[in-house]
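# Fold and geometry: a report
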Amino acid sequence: MAASSAGSTPSASADGSSTPATTPDQPTRGGTPQDAANRDDTSGRKTSRAKFGLASIVLLTINGIIGSGIFLSPGAVMKVAGTWTPLVYVIAGVFAAVLAVTFAAAARWTSENGAAFAYTRVAFGDDVGFYVGLTRFVGAAIAWGVMATAVVTTVLTVFGGHEAVTTTNITIGFVLLMVVLLAINLAGTGITKVVNNISTIGKVAALVLTIVAGLVVLAMTGDNHFSDLTHLEGPDGSPLVPSMDTTAFVGAMLAAFYAFTGFEGAGSAASEMEDPARNLPRAIPIGVAVVIVVYVAVVSVAMMINPTGVLESKDAVVLASAFDNSIVRDLIVLGALVSMFGINVAASFNTPRIFDAMSRRRMLPAAASRTSQRGVPVVAFVVTAVLAIVVPMAFGYSMRGIMVISSVTRFVQFVMVPLALILCFLGRTRHRPNDVKRSVVLDVVFPILSIAASVLLMVEFDWRGQFSNPGGGLNLWAVAAMIVGYVVLPAALYLPWKLGVYDDTPKQLPEDR
């Protein structure tokens, strides 16, 4: 959405009164000439007919949410919530939907790449934007490494058994996966869009198959095992599913909530989308709504046909254990592999754009924003992929000690983006946003609800578990990861930026005209 020129006629405020138009010399509302340029062309790259349209953005949102969890560990919430599991997923989905609407609303105010980085930078200024963007990038890169590890280990387990899961095999598979993802991205946005759409449709089709096959089993047998969870016992004779109380319910809801995360990255590549200020706010809620329906239906069907098989399964793809039919099981396993590959495609497309967006703002070395002839941020991709590979390797593919960075990064976004949205509504931003119609519901009510939900998530988060070793004692790796990710690395990159080290701007970047 193109913004009006600085210094033009006064604009109308939320209450209908007029406010003086701002100029680039007034940073509280004016921004810089580069702000105006980015509202028209945020990418600085050649315009492509292969950009993501509304339908593809919806699929990208779904692809960024549905990964391995619903296939590999659907029993995790069942063990805690028992017969309350479907309701738990509904409530978790509502929490996610509130946050998703907030991120969707924020996407109206700026069409720049980077999602949370772009939203907070417009509202709070460059310094806050830098910190949110960098920590978001590091957390997303680590999360990508975790997802890549999951797909490689699952492939090895499915085709070679548990004995095939060795450090050497994981490393080889890891590197091969990154090469494939690089090839897909280098082919351009058009090919990436096609692969994203196909993989998303494939994973959703596998889950729909699970639902339909489960309903067929119910219709043919007439046996509903939904209540079996209340009678299951562990090896010592104690109930396998504990009695439900408020603490257990909240804990189960939080566990289910993380299955819905991923929507916050949908706007990271806004410049690769058609009319992002219009399409992103529509696509994100639609994508989350689809995921809510699919998740609730899948867990409900699994609980009705074979909850015992799901809870006691030792298979790599636990969801397949709900069925006895080998064809259905194989199709679900195939769907799981497609799903995990798909979420890696989404991560490889979205995450480098955060680094690239910061580089284009000269908050990071200008060389990182160099692109291929097809407009792909190659340097940013390589930097992201190296981080995604090296960190898991350094920790022996055991991510317990460093996943806390990814979790905390989400908390930072879930608080800062709603606050940024409120500032946009009040007209108190540090840089001028897009000219959009203000909405009390979207720009105030939903952000307040999002902040409340985020506070609850932070209060109930298992901080002790994240910073403790399984056998007891302080997890020094987790502590070190937090210090490096949230203090050392930001400081190491912030100081050169402020000293002007990154100001050497390549002439070929169009947005620097």
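Residues numbered from 1 in each chain as written. Predicted model: local features only at pLDDT ≥ 70, side-chain atom pairs only at ≥ 80, totals over all residues. Heavy atoms only, no water.

### Let's talk about helix α16 (residues 440-460)
Over its 21 residues, α16 extends 29 Å from the first C-alpha to the last, a length consistent with the 30 Å expected when each residue adds 1.5 Å. At Phe 446, α16 shows its largest kink, close to 25°, and the proline Pro 447 lies no more than four residues downstream. (Helix = DSSP H or I, 4+ residues; strand = E, 2+ residues; numbered from the N terminus. Expected span 1.5 Å × (residues − 1). Bend = angle between axes of the 7 residues up to and from the residue.)

### Quick word on the confidence of the model for the chain
Of all residues in the chain, 86% attain a pLDDT of 70 or more, and the chain-wide mean is 83. Per-element confidence in the chain is highest for helix α6 (residues 116-124), whose mean pLDDT is 96, and lowest for strand β2 (residues 18-19), whose mean pLDDT is 36. The low-confidence segment residues 1-48 (pLDDT under 50) makes 102 contacts with residues lying over four places distant or belonging to another chain. Predicted confidence for residues 506-513 stays below pLDDT 50, and this span has 19 contacts to residues more than four positions away or in other chains. (pLDDT = per-residue confidence, 0-100. Contact = heavy atoms within 4.5 Å.)

### Digging into the side chain of Asn 196
Take Asn 196: it is sitting in helix α9 (residues 189-221). A polar atom in the side chain of Asn 196 sits 2.7 Å from the side chain of Asn 63. Dropping the residues within four chain positions of it, Asn 196 is found in contact with Phe 52, Ser 56, Leu 59, Leu 60, Asn 63 and Val 345. (Polar contact = N/O pair within 3.5 Å; in protein donor to acceptor, adjacent residues only side chain to side chain.)

### Examining the pattern of salt bridges
Tallying each qualifying case throughout the model produces 9 salt bridges. In this structure, the salt-bridge partner of Asp 443 is Arg 108, at a minimum N-O distance of 2.7 Å. Taken together, the positions of Asp 443 in helix α16 and Arg 108 in the loop between α5 (85-106) and α6 put the pair 335 residues apart, joining distant regions of the chain. In this structure, Arg 329 and Asp 315 form a salt bridge, with 3.1 Å as the shortest nitrogen-oxygen distance. Residue Arg 329 is located in helix α13 (residues 326-360), and its partner Asp 315 is located in the loop between α12 (307-312) and α13; the two are separated by 14 residues in the primary sequence. Take Arg 329: its relative accessible area is 27%, and that puts it in the partly exposed class. Residue Asp 315 is classed as partly exposed on the basis of its relative accessible area of 36%. (Salt bridge = Lys/Arg side-chain N within 4 Å of Asp/Glu carboxyl O. Buried < 20%, exposed > 50% of the residue type's maximum accessible area, 1.4 Å probe, protein only.)

### Let's talk about unusual backbone geometry
Peptide bonds are trans in most cases, and residues, glycine excluded, mostly fall at negative phi. Its identity as a non-glycine residue notwithstanding, Ala 115 has a phi of 55°, on the positive side. Of note, Ala 115 is situated in the loop between α5 and α6. Classification of Ala 115 as buried rests on a relative accessible area of 1%. With a phi close to 45°, Asp 275 is a non-glycine residue in the positive phi region. Relative to the helices and strands, Asp 275 is located in the loop between α10 (246-257) and α11 (276-305).

### Points about the environment of Phe 95
Among the secondary structure elements, Phe 95 is positioned in helix α5. Taking C-alpha positions, Phe 95 is 9.0 Å from Leu 449, a pair spaced 354 residues apart along the chain. Filtering out sequence-adjacent residues up to four positions away, Phe 95 remains in contact with Met 253, Phe 257, Ala 453 and Leu 456.

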